[in-house]
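The lines below spell out each chain.
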Amino acid sequence: MHSEREWRCEECGKLMGILKGDRLHIRFARSHEYRVSLPAAGICRGCHRLNELREQHASACSDGKLRN
Ligand SMILES: [Zn+2]
């Protein structure tokens, strides 16, 4: 069984989706569901920050992206 991991907004911590194995599972309010492969990007519905989720290798800490 694949382990599941939460993908949360880097800014406000809102749940963006659930990572199952190498697929990202995204669910919206009215029973819309998507399963996508990485890398994925999405805009947080809370703070509108663009979040990116990449392959899981070194995802424990963020890579050398520029931050404001
Ligand atoms: Zn957010």
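Predicted, not measured: the structure shown is a model, and the values here were computed from it. (Residues numbered from 1 in each chain as written. Predicted model: local features only at pLDDT ≥ 70, side-chain atom pairs only at ≥ 80, totals over all residues.)

Novice: Go over the overall build of the protein, please, and point to the residues and values.
Specialist: Each helix and strand counted, the protein has zero helices and six strands in total. For the protein, the proportion of its 68 residues judged to be buried stands at 7%. Taking the contacts inside the protein whose residues are at least 6 apart along the sequence as the reference set, 30% of them involve residues at least 24 apart. (Helix = DSSP H or I, 4+ residues; strand = E, 2+ residues; numbered from the N terminus. Buried ≥ 20, exposed ≤ 12 C-beta atoms within 10 Å, placed from the backbone. Contact = placed C-beta atoms within 7 Å.)

Novice: Account for the environment of Tyr-34, with residues named and values stated.
Specialist: Its place among the elements puts Tyr-34 in strand 4 (residues 33–37). Judged by the 13 C-beta atoms lying within 10 Å of it, Tyr-34 is partly exposed.

Novice: Which residues make up unusual backbone geometry, and what values go with them?
Specialist: The omega angle of the peptide bond from Leu-38 to Pro-39 is -5 degrees, so this bond is cis rather than trans. Turning to its location among the elements, Pro-39 is positioned in the loop between strand 4 and strand 5 (40–43). Despite not being glycine, Ser-31 shows a phi value in the positive range, around 55 degrees. Mapped onto the elements, Ser-31 comes out in the loop between strand 3 (23–27) and strand 4. A positive phi angle is found at His-48, which is not glycine, with a value near 65 degrees.

Novice: Provide a residue-level description of the sheet that holds strand 3, including the pertinent values.
Specialist: Ordered by their spatial adjacency, four strands build an open sheet running 1-2-3-4, and the pairing between neighbours is antiparallel. Looking along the sheet, the strands with just one partner apiece sit at the ends: strand 1 (4–8) and strand 4. Taken over all neighbouring pairs, the strand axes of this sheet differ in orientation by 30 degrees on average, direction set aside. As paired strands, strand 3 and strand 4 are joined by five bridges and run antiparallel to one another. Bridging across to strand 4, Arg-23 finds its partner in Ser-37. (Pairing = 2+ DSSP bridges. Axes fitted to C-alpha atoms, helices over the stretch in contact; angles between N-to-C directions.)

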